[in-house]
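Chain by chain, the residues:
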2 protein chains.
Amino acid sequence: MRNPTLHDVARAAGVSYSTADRVLNQRGGVAEKSVLRVRQAIADLGYCRDISAANLSRGRSYRFVAYVPPGDHGFFSHLRQALLDEARTRAGERVVLDLRDLPPDGAPIPECDGIAMVGAQTEGLGTMTNGLSADGVPVVAVVSDMPGRRLYVGIDNLVAGRTAARLLRIAHRGGPGRILPVVGSLALQDHRDRLTGAAEVLDGHLDLLPPVQVRDQPDRMRRMVGQALADDPAITGIYSIGAGNRGLFAVMAGMARRPFAVVHELTPHSRAALQDGLIDVVIDQKPAEEAARALDALKSIADGEDPVPATITPAIFFKDNLPEDCA
Amino acid sequence: MRNPTLHDVARAAGVSYSTADRVLNQRGGVAEKSVLRVRQAIADLGYCRDISAANLSRGRSYRFVAYVPPGDHGFFSHLRQALLDEARTRAGERVVLDLRDLPPDGAPIPECDGIAMVGAQTEGLGTMTNGLSADGVPVVAVVSDMPGRRLYVGIDNLVAGRTAARLLRIAHRGGPGRILPVVGSLALQDHRDRLTGAAEVLDGHLDLLPPVQVRDQPDRMRRMVGQALADDPAITGIYSIGAGNRGLFAVMAGMARRPFAVVHELTPHSRAALQDGLIDVVIDQKPAEEAARALDALKSIADGEDPVPATITPAIFFKDNLPEDCA
DNA sequence: GCGAAAATGAAAGACGTCAATCATTTTTTG
DNA sequence: CAAAAAATGATTGACGTCTTTCATTTTCGC
């Protein structure tokens, strides 16, 4: 009925609790045949160490540090909130989260059991190998991947780009069209990935114009996209890959026949634009889910398990399937 | 640094551990002013009971029962597998899941800490009030809602229908079209909801034909949809609301100019059909996520917390954003 | 102010694991 | 075979909470 304990395992293996413990926790100094017998007993009984009891005993808490780029609005502020919320609901499971701004290059590595950080353009933690920072702390990349991390939790941006392109193709019904891609910067891997994915699916079906770079700035977005639309009235679709979409919405609000528009990230602004019919699709990476999965992963790693690479499938929102809670 | 313990709370409140415990666990027999002082101390220190320790002490395990309709293929078999997988990864957290077929009416209620069941057409557990079965066991509805449950974990079928309709509208680019809805049965609330949602969004834009009922049977689907398409060559879109889609794929495979097709649930068959271009969109309710959220909810309830109503946003799959793992 | 009732305090043994110590047995080595 | 080394067993006190028991103090009604 109840799960077997390590005592049961020891008894079944015909060894003492100490020996079973030495095997389980790899303390060494155990004869090969004893190791095998204990392993066998563990397998036979289906023993599964009680993590709660173990953590209680160790007096251990999961101290995690999350690094998120600063900014008190937009996507990253959502992510921050999601991380804090998620950590709070796990407070009873001894999870303590320390949320910080992305550190400058060469900042000291905090003493903790794991780090979640937005990858991207930063080198904050210096070189990492085997998913560990220089001090041996496991690092999980969130939202944006980075080299050397132990695990990446986030959407596949290539796939996101392909998704956007497929929606654009559907909206053109197989007919011709000209698509304007708008990126924050081509220096960002994420943006390049989305663009590449889109190009793959559009290729041979719709024309993909050279991308406009707006540095995630609304006013720049407004100016440059407005200009592009004026220069080329044949534009039938827009794929906004980065941030600063308020500028896009402003442009769209002033148009009679709008091109089909796909943007990223559900925010109060994009939500309103969707509802008002200024844009057609929002591809959202669900920061709440990313936060939850990131903490799951950090906990798994801290427990010595193999973290399950939870792929986040981006949500696709239209005017008609917006979630009720204001995001 | 470390979380305060109940001892700390007692000390801060100037009472004994016993009294603090009596307040925390509502054992009664405590003077009002002591209750207030303890509550204050809990708030001041931000005390949060260590659930692991509590469970360890109680020798408690979370014994949950899940009722899923029988069948060794298709959606429900996915759901079963997802539930088992999810339970296994939580075995270390004392979660024990007993997976059963949906019981006949009036079956005895198992002794356990919570029940997850697919709602729908069953009355298996008899009357429920306040989310509790007759024996006081909390019940969570999964996939399909039911009256009297404590919480529903699943997608909003109205929204799913609206989503499908929006995709159909996009695919028609504002032009005219005739949409054939295919349901399993109009007796199923879920199917009616999806149809209603679709009707809302299509209204005034595309013609929605009377629904075909195929009882989730592939051969019936094949026959009836084939007939409908032959009778009305002007059909430009199909929304398959229920199961039995293999029949649909067979019909589509024999057509030169296919209507735009939206179906539900990602299965090996629908996946293949999507990749082969036989259909255009799959709306999936992500059984793995539903399983995870259902267990989350049951655990929360068992811990006496208020479960967070985790809305599941259906995933929208095209040919280009299919997940890698075979579903 | 006296007895009864209510409130409080003190203590102890679980729960399953960890981590350490020390004694004892077995195996290896020369 | 004796000594050294390796392996094993036995035991103990945490960790934070639950639960129960029993003794003691405070409060209340009359």
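All values derive from a computational prediction rather than experimental measurement. (Residues numbered from 1 in each chain as written. Chains lettered and ligands numbered in written order. Predicted model: local features only at pLDDT ≥ 70, side-chain atom pairs only at ≥ 80, totals over all residues. Heavy atoms only, no water.)

Along chain A, the regular secondary structure elements total 11 helices and 12 strands. For chain A, the C-alpha radius of gyration of 25 Å lies well beyond 20 Å, the compact-globule estimate for 327 residues. Seen along its three principal axes, the alpha-carbon backbone of chain A occupies a region of about 80 × 40 × 35 Å. Looking at chain A residue by residue over its 327 residues, the buried ones come to 54%. Here the contacts in chain A between residues at least 6 apart in sequence split such that 65% fall between residues at least 24 apart. (Helix = DSSP H or I, 4+ residues; strand = E, 2+ residues; numbered from the N terminus. Rg over C-alpha atoms; globule rule 2.2 N^0.38 Å. Buried < 20%, exposed > 50% of the residue type's maximum accessible area, 1.4 Å probe, protein only. Contact = heavy atoms within 4.5 Å.)

Attention now goes to helix α6 (residues 157-172) of chain A. Since one α-helical turn is 3.6 residues long, residues separated by three or four positions face the same way. Residues and elements named next belong to chain A. Taking 1.5 Å per residue, 16 residues should reach 22 Å; α6 reaches 23 Å between its end C-alpha atoms and fits that length. Of all 16 residues in α6, 14 are buried, a share of seventy percent or more. If you check the start of α6, you find a side-chain oxygen 2.9 Å away from the backbone N of L158, and it comes from D156. Note on α6: the residue one or two positions beyond its end, R173, has a positive phi of about 55°. (Expected span 1.5 Å × (residues − 1). Polar contact = N/O pair within 3.5 Å; in protein donor to acceptor, adjacent residues only side chain to side chain.)

On to the protein's contact with DNA strand D, then. If you check the shell around DNA strand D, you find 29 residues, and the closest are S16, A31 and S34 of chain A together with Y47 and S57 of chain B. Atoms of DNA strand D within 4 Å of the protein belong to the sugar or the phosphate in 62% of instances, the rest to bases. At a separation of 2.9 Å, a phosphate oxygen of DNA strand D approaches a polar side-chain atom of R49 of chain B. Here a phosphate oxygen of DNA strand D and a side-chain polar atom of R58 of chain B are 3.4 Å apart. Tallied by class, residues from the surface near DNA strand D come to 10 nonpolar, 11 polar and eight charged. (Near = heavy atom within 4 Å. Nonpolar A, V, L, I, M, F, W, Y, C, P; charged D, E, K, R; others polar.)

Time to look at the interface of chain A and chain B. At the junction of the two partners, chain A supplies 36 residues and chain B supplies 36 residues. Taking both partners together, chain A and chain B bury about 3,200 Å²; carbon and sulfur atoms supply 57% of that area. Taken as a group, I170, R173 and D320 of chain A account for 19% of the area that chain A buries against chain B, more than any other trio of residues on that side. Counting the contacts that link chain A with chain B gives six salt bridges. Taken together, chain A and chain B are joined by six residue pairs in polar contact (both at pLDDT 80 or more). Looking at the side of chain A that touches chain B, the elements that each hand over two or more residues are α4 (51-58), α6, α11 (287-302) and β12 (315-317) of chain A. (Buried area = accessible area lost by both parts, 1.4 Å probe. Salt bridge = Lys/Arg side-chain N within 4 Å of Asp/Glu carboxyl O.)

Next up on the list: the sheet that holds strand β5 (residues 151-153) of chain A. Residue and element names in this part refer to chain A. Here five strands make up an open sheet; going across it, the order is β2-β1-β3-β4-β5 and the pairing parallel. Here the strands that pair on one side only, and so sit at the sheet edges, are β2 (95-101) and β5. Neighbouring strand axes in the sheet, compared pairwise and without regard to direction, differ in orientation by 25° on average. With four bridges connecting them, strand β3 (residues 114-118) and strand β4 (residues 139-142) associate as parallel partners. What sits directly across from V118, in β4, is V142. Of the strands in this sheet, β1 (62-68), β2 and β3 are in contact with helix α5 (residues 74-89), which crosses β2 at around 160°. (Pairing = 2+ DSSP bridges. Axes fitted to C-alpha atoms, helices over the stretch in contact; angles between N-to-C directions.)

Our focus in this paragraph is the relation of the copies chain A and chain B. For the match of chain A to chain B, the screw axis carries a shift of 0.1 Å, the RMSD comes to 0.1 Å, and the turn is 180°. One copy is carried onto the other by what is essentially a two-fold rotation axis. Counting the interface residues of chain A, we find that 100% of their copies in chain B are interface residues as well, pointing to one common contact surface. (Least-squares fit on C-alpha atoms with pLDDT ≥ 70 in both.)

Moving on, we come to the protein's contact with DNA strand C. Near DNA strand C, the surroundings consist of 29 residues, among which Y47 and S57 of chain A together with S16, A31 and S34 of chain B are the closest. Here DNA strand C approaches the protein such that, of its atoms within 4 Å, sugar and phosphate make up 62%. One of the backbone nitrogen or oxygen atoms of S16 of chain B is found 2.6 Å away from a phosphate oxygen of DNA strand C. Between DNA strand C and S57 of chain B, the relevant distance is 3.1 Å, taken from a base oxygen to a main-chain nitrogen or oxygen of the residue. Of all the elements in the fold, those that place two or more residues in the surface near DNA strand C are α1 (6-13), α2 (17-24) and α4 of chain A together with α2 (17-24) and α4 (51-58) of chain B.

Residue and element names in this part refer to chain A. Burial within strand β10 (residues 260-264) is extensive, with five of its five residues counted as buried. Alternating residues of β10 divide into F260, V262 and H264 and A261 and V263, and every residue in both groups is buried. With four bridges connecting them, strand β9 (residues 237-240) and β10 associate as parallel partners. When the sheet's bridge partners are listed, Y239 is paired in β10 with V262. Where β10 lies against strand β11 (residues 281-284), three bridges are found, and the strand directions are parallel. Bridged to V263 within β11 is V282.

Inspection of the entire model under this criterion finds 40 salt bridges over all chains. A salt bridge links D232 of chain A to R178 of chain A; the shortest N-O distance between them is 2.7 Å. Within this pair, whereas D232 of chain A is found in the loop between α8 (218-231) and β9, its partner R178 of chain A is found in strand β6 (residues 178-183), the two being separated by 54 residues in sequence. Where R293 of chain B meets D296 of chain B, a salt bridge forms, and the shortest distance between an N and an O atom there is 2.4 Å. Of this pair, R293 of chain B and D296 of chain B both sit in helix α11 (residues 287-302), three residues apart, roughly one helical turn. A relative accessible area of 15% means that R293 of chain B is categorised as buried.

Taken together, the side chains of R173 and R257 of chain A together with R173 and R257 of chain B make up a positively charged region of the molecular surface. Locating R257 of chain A in the fold gives a position in the loop between α9 (245-253) and β10. Overall, R257 of chain A belongs to the exposed group, its relative accessible area being 77%. (Patch = residues over 30% accessible without salt bridge, like charges linked within 9 Å, V, L, I, M, F, W, Y side chains within 5 Å. Areas by Shrake-Rupley, 256 points an atom, 1.4 Å probe, with all protein chains shown as cover. Lys, Arg positive; Asp, Glu negative; His and termini not counted. Charge placed at Lys NZ, Arg CZ, Asp CG, Glu CD.)

So, on to the side chain of R293 of chain A. Of the polar contacts made by the side chain of R293 of chain A, one reaches the side chain of D296 of chain A; its length is 2.4 Å. Setting aside anything within four residues of it in sequence, one finds R293 of chain A in contact with V153, A310 and I312 of chain A together with R293 of chain B.

Residue and element names in this part refer to chain B. One pass over the full model with this rule turns up four aromatic pairs over all chains. Measuring from centroid to centroid gives 6.0 Å for Y62 and F64, while their planes differ by 40°, and the two rings are tilted. The pair formed by Y62 and F64 is uniform in burial state, with each residue classed as buried. Here the aromatic rings of F75 and F76 are separated by 5.4 Å at their centres, their planes lie at 65°, and the arrangement is edge-to-face. Relative accessible area serves as the criterion here: at 25%, F76 is assigned to the partly exposed category. (Phe/Tyr/Trp six-rings, centres within 6.5 Å; stacked < 30°, edge-to-face > 60°.)

Turning our eyes to something else, we now look at the sheet that holds strand β4 (residues 139-142) of chain B. Residues and elements named next belong to chain B. Spatially, the five strands line up as an open sheet ordered β2-β1-β3-β4-β5, and their pairing is parallel. Each edge of the sheet is formed by a strand with only one pairing partner; in this case those strands are β2 (95-101) and β5 (151-153). Strand-to-strand twist across the sheet, computed as the mean angle between neighbouring axes with direction ignored, equals 25°. Bridge analysis of strand β1 (residues 62-68) against strand β3 (residues 114-118) gives four bridges, and the strand direction is parallel. Residue pairing across strands places Y67 opposite M117, the latter belonging to β3.

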